[in-house]
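Here's the letter readout for the chains.
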Amino acid sequence: MQLKKQKTKDKGASAIKEYSLAYRIWKYRESYQLIFPFMLLFFLFTVLPVLSSITLSFTDFNMLSMPNFVGFDNYERLLLDDDIFLIVFKNTLVFAFITGPISYILSFLFAWLINELGRVLRAFLTLIFYLPVLSGSVFFIWSLLLSSDAYGMINGILLDFGIIKEPVAWLLDQNTLLFSLIVVQLWMALGTGFLAFVAGLQSMDQSMFEAAAIDGVSNRWQELFYVTLPSMSHQLLFSAVMQISASFGVGTVIIALAGFPTTQYSADTVVTYILDVGTTRFEMGYASTLAVVLFGMMFLTNFIITNLLRRFSAE
Amino acid sequence: MARRNVLFRQHLNRSLAGNIAVFLCLLLFGVFFAFPVVFAINTAFKPLNEILVFPPRFFAVNPTRENFIQLSKMVAEFWVPLSRYIFNSVFISAVVTLGHLLLSSMAAYPMAHHNFPGSKALNTVIVLSLLFTSTVTYIPQYVILANLRMINTYWAIILPAMQSSLGLYLMRSFMMGIPKEMLEAARIDGANEKRTYFSIVMPNVKPAALTLIIFSFQSIWNYVGGSAVYAEQLKGLPALLQSIAAAGVARSGVTAAATVLLMIPPVLIFILSQNHVIETMSTSGLK
């Protein structure tokens with residue numbers, strides 16, 4: 001109580017003095033000292049790259065000579081002259097709009113189902129579902145599972161059951177490549193968003209459910225829609241954001257399983273195309289243009305989805 | 001009834017049929033998710049004649065250590081010794097993980113509790129940066145590293161990896177749960193900000209710290225190294241795994257063995273810190 005009084009007194013005094021901005025900055029100098037190291041790196045490797053992407057996208061920078069300003073030439077090239085861009089753009093959208101929503105729903109569904117279980121089983125299944133993301137490089141094993149000859153596990157099983165007549169070159173054939181990669185990507189779908197869901201469900205107030213049950217919520221579906229989902233809006237939003245950036249950024253898996261670049265760019269995304277243009281051809285200007293476009297796509301999708309979710313949860 | 005309580009949590013409005021459905025559903029998907037990992041472990045212990053058999057066998061019939069012995073022989077022939085790969089992986093992972101934890105928690109504390117000029121703008125920037133993957137910044141990052149003369153050094157891997165904004169975001173969300181009174185009490189007792197950070201804030205955010213450690217460790221441990229580092233003697237174990245995997249089907253036993261070994265550290269850390277991760281993620285919600 002005394003502390004509180006003291007505080008209000010201080011506030012009164014400060015109002016008389018009217019802190020100037022410079023004084024407030026000086027007053028918080030210790031805060032700035034603590035923030036500085038992280039923000040320095042963050043500025044160097046995130047903020048500056050984003051800003052310079054935008055600047056470089058209007059130049060013909062190639063790492064060797066000084067960049068020249070070329071106006072919207074890169075953007076024109078991207079829209080009118082670059083057939084590969086159309087392919088990778090389409091692939092990115094396919095990945096984003098198939099793996100994105102499915103991963104999001106699976107993340108929630110599994111988290112919700114797991115939450116029904118006892119403590120030990122729940123912890124075990126969380127590990128199983130998170131394992132593909134956790135162990136990062138284990139997706140290499142898919143190159144054995146999807147191996148193009150009869151020794152490949154998937155081919156072997158399908159041949160054995162007589163579902164296919166001859167081995168399918170899952171990761172070489174352009175018709176199956178994208179599909180195979182989508183399956184692998186879905187297998188790796190339960191990432192940060194999933195953990196947020198598991199955590200959100202677990203930390204919910206149990207008495208809320210008991211109250212709801214007494215008030216007539218009679219099965220788990222009603223509970224899901226009337227109690228669980230409405231009180232999870234923050235987690236739903238956070239996971240959506242995580243999922244959107246993940247599904248627009250599909251790249252590592254493609255490079256590892258299908259090569260870099262893939263056969264006739266049939267499964268490349270904007271991300272791998274940026275790497276191709278930037279680090280193999282050193283066309284930094286054009287690569288930056290691609291990055292700006294991808295950046296725009298992610299931002300726009302995030303903006304739309306988070307707004308929809310907010311509206312949905314406000315109702 | 002008693003057995004059901006071991007498997008399921010107590011709820012008032014759950015039907016037995018529903019519980020069975022949940023169980024079957026989880027079993028089905030659990031198998032799909034565990035399948036490749038179990039397959040990897042099995043393949044690692046298969047002798048060559050079991051790998052090249054049709055129809056392919058899922059489980060190893062005569063488990064053998066052959067692949068692991070082969071792996072060590074194969075690695076011994078590389079011109080960069082295995083010890084160097086291990087050193088690189090451990091060194092880079094340790095520096096990145098601890099550096100990331102220190103820097104982001106130092107920054108998170110004032111951002112969670114002080115209303116300094118610019119704090120709102122910084123928070124907005126951090127949330128905005130969650131909206132895109134770091135891959136879009138890859139090219140200019142390369143240019144910046146080149147200008148700092150850091151290409152082909154450890155720094156090119158370490159510094160960009162230390163500034164993950166997700167870590168800062170999670171830490172800040174968790175720190176907001178520390179009661180203001182506790183911090184004020186420390187201040188009245190004469191502690192300055194650094195002292196408060198080290199002796200009041202940090203001991204209270206142990207779960208979040210472990211979460212940052214596992215997230216940061218898992219991504220850097222599996223990081224192959226982009227084109228900013230090309231010297232083989234600076235690369236870590238995932239790069240080694242890649243060159244082993246390039247050898248094809250005949251070497252798949254060895255590839256699987258390497259994959260399994262590489263998987264162990266992050267899995268162990270996660271198992272040990274899982275409860276804390278869950279506790280931290282429950283504060284992660286975006287408003």
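For every chain, the first residue of its written sequence is number 1, and the numbers climb from 1 along that sequence. Here every chain gets a letter starting at A, and every ligand a number starting at 1, in the order they are written. Per-residue local features are limited, in this predicted model, to residues with pLDDT of at least 70; the limit for side-chain atom pairs, both in listing and counting, is 80 or more; totals at the level of whole chains, interfaces and linings are taken over all residues. Excluding hydrogens and water, the side-chain figures rest on all heavy atoms present in the structure.

J.: Tell me what's going on with helix H11 (residues 206–214) of chain A, and back it up with residues and numbers.
T.: All names here are of chain A. To sort residues, take the accessible area from a 1.4 Å probe on protein chains only and compare it with the maximum for the residue type: under 20% means buried, over 50% means exposed, and anything in between is partly exposed. For the purposes of this entry, the term helix denotes a DSSP run of H or I that reaches at least four residues, the term strand denotes a run of E that reaches at least two, and both are numbered from the N terminus. All of the buried residues in H11 are Phe209, Ala212 and Ala213. End-on view of H11: buried residues confined to an arc of 100 degrees, all on one side of the axis. Contact between two residues is taken to exist if any of their heavy atoms lie within 4.5 Å; hydrogens are not considered. In the core, the buried residues of H11 are packed alongside helix H12 (220–228). Remark: Gly216 follows H11 within two positions and exhibits a positive phi of approximately 110 degrees. The directions considered for the arc run from the helix axis to the C-beta atoms.

J.: How would you explain the side chain of Thr272(A) if you had to name every residue and give the values?
T.: Residue and element names in this part refer to chain A. Structurally, the position occupied by Thr272 is in helix H15 (residues 270–280). Looking at Thr272, its side chain comes within polar contact range of the side chain of Asp268, at 2.5 Å. With residues up to four places along the chain from it excluded, the contact list for Thr272 reads Gly251, Ile254, Ile255 and Phe260. Here a polar contact is taken to be a pair of N or O atoms separated by no more than 3.5 Å, where protein atoms must pair a possible hydrogen donor with a possible acceptor and residues adjacent in sequence count only if both atoms sit in side chains.

J.: A description of the domain arrangement of chain A should follow, citing residues and the corresponding values.
T.: Residue and element names in this part refer to chain A. In this entry, domain limits derive from an automatic or database-based domain assignment. In terms of domain boundaries, chain A breaks down into domain 1 (1–56) and domain 2 (70–314). Taking only C-alpha atoms, the centre of domain 1 and the centre of domain 2 are 37 Å apart. Opposite the four residues of domain 1 that make contact, domain 2 presents six residues. Values labelled buried area give the accessible surface lost by two parts on being combined, using a 1.4 Å probe and summing over both. With both sides pooled, the region where domain 1 packs onto domain 2 buries about 380 Å², and carbon together with sulfur makes up 68% of that total. It is Ser53, Ile54 and Leu56 that lose the most area in domain 1 upon contact with domain 2, and together they represent 83% of the buried surface on that side. Between Lys or Arg on one side and Asp or Glu on the other, a salt bridge is scored when a side-chain nitrogen of the former is within 4 Å of a carboxyl oxygen of the latter. Where domain 1 touches domain 2, the interface holds zero salt bridges.

J.: Please set out H12(A) residue by residue, giving values where relevant.
T.: All of the buried residues along H12(A) are Arg220(A), Glu223(A), Leu224(A), Val227(A) and Thr228(A). With its buried residues spanning 115 degrees around the axis, H12(A) presents them on a single face. Residues of H12(A) that are exposed and point over 90 degrees away from its buried face: Trp221(A), Phe225(A) and Tyr226(A). In the core, the buried residues of H12(A) are packed alongside helix H5 (83–114), helix H10 (192–202) and H11 of chain A together with helix H2 (16–44) of chain B. For H12(A), the N-terminal cap is Asn219(A); the gap from its side-chain oxygen to the backbone nitrogen of Trp221(A) is 3.0 Å.

J.: So what about the environment of Leu113(A)? Which residues, and what values?
T.: For Leu113(A), the position within the fold is in helix H5. Sequence separation between Leu113(A) and Gly296(A) is 183 residues, and the spatial gap between their C-alpha atoms is 35 Å. Leaving out residues up to four positions away in the same chain, Leu113(A) has contacts with Val22(B), Cys25(B) and Leu26(B).

J.: Pulling in residues and values, what's your account of the packing of aromatic side chains?
T.: Residue and element names in this part refer to chain A. Working definition: a ring pair exists when centres of Phe, Tyr or Trp rings (six-membered ring for Trp) sit within 6.5 Å. Plane angles under 30 degrees give stacked, over 60 give edge-to-face, the rest tilted. What the rule picks out here adds up to 31 aromatic pairs over all chains. Both rings, one in Phe108 and one in Phe197, keep their centres 5.1 Å apart while their planes meet at 90 degrees; by these two values the pair is edge-to-face. Here Phe108, found in helix H5, pairs with Phe197, found in helix H10; they are 89 residues apart in sequence, far enough to count as distant. Comparing Phe108 with Phe197 shows no difference in burial state: the two are buried.

J.: Break down a negative patch on the surface for me, with residues and values.
T.: Residues and elements named next belong to chain A. Distance thresholds for patches are 9 Å for like charges and 5 Å for nonpolar side chains (Val, Leu, Ile, Met, Phe, Trp, Tyr), applied to residues having over 30% relative accessible area and no salt bridge. Every accessible area reported is derived by Shrake-Rupley at a probe size of 1.4 Å, with residue values counting cover from the shown protein chains alone. Only four residue types enter the tally: Lys and Arg on the positive side, Asp and Glu on the negative side; His and the chain ends are excluded. Here the site of a charge means NZ on Lys, CZ on Arg, CG on Asp, or CD on Glu. A surface patch of like charges, here negative, comprises Asp60, Asp73, Glu76, Asp81 and Asp83. Considering each element in turn, the negative patch owes the most residues, three residues, to helix H4 (residues 73–81). By the element assignment, Asp83 lies in helix H5. Using a relative accessible area of 56% as the deciding quantity, one classes Asp83 as exposed.

J.: Which residues make up the pattern of salt bridges, and what values go with them?
T.: Residue and element names in this part refer to chain A. Tallied over the full model, the rule gives four salt bridges over all chains. Measuring nitrogen to oxygen at the nearest pair gives 3.8 Å for the salt bridge that ties Arg281 to Asp276. For Arg281, a relative accessible area of 34% puts it in the partly exposed group. Arg281 is the salt-bridge partner of Glu283, the closest N and O atoms lying 3.3 Å from each other. Overall, Glu283 belongs to the partly exposed group, its relative accessible area being 25%.

J.: Hey, could you go over the packing of H10(A) against helix H14 (residues 252–281) of chain B for me, with residue numbers and the actual values?
T.: Axis definition: a line fitted to C-alpha atoms, over the contacting stretch in the case of helices. Angles run 0 to 180 degrees between N-to-C directions. One can describe the packing of H10(A) onto H14(B) by two numbers: an axis separation of 8 Å at closest approach and a directional angle of 70 degrees. Considered as vectors, H10(A) and H14(B) are oriented roughly perpendicular to each other. For H10(A) against H14(B), the interelement crossing comes out right-handed. Along its contact with H10(A), which presents Thr192(A), Leu195(A), Ala196(A), Val198(A), Ala199(A) and Gln202(A), the element H14(B) presents Phe270(B), Val277(B), Ile278(B) and Met281(B). Classifying every residue of the contact of H10(A) with H14(B) gives eight nonpolar, two polar and no charged. By definition in this entry, angles of less than 35 degrees are roughly parallel, angles greater than 145 are roughly antiparallel, angles of 65 to 115 are roughly perpendicular, and the rest are oblique. Handedness of each helix crossing follows the sense of rotation of the near helix against the far helix: counterclockwise by less than a right angle gives left-handed, clockwise gives right-handed. Each residue receives one of three labels: charged for Asp, Glu, Lys and Arg, nonpolar for Ala, Val, Leu, Ile, Met, Phe, Trp, Tyr, Cys and Pro, and polar for the others, Gly being one of them.

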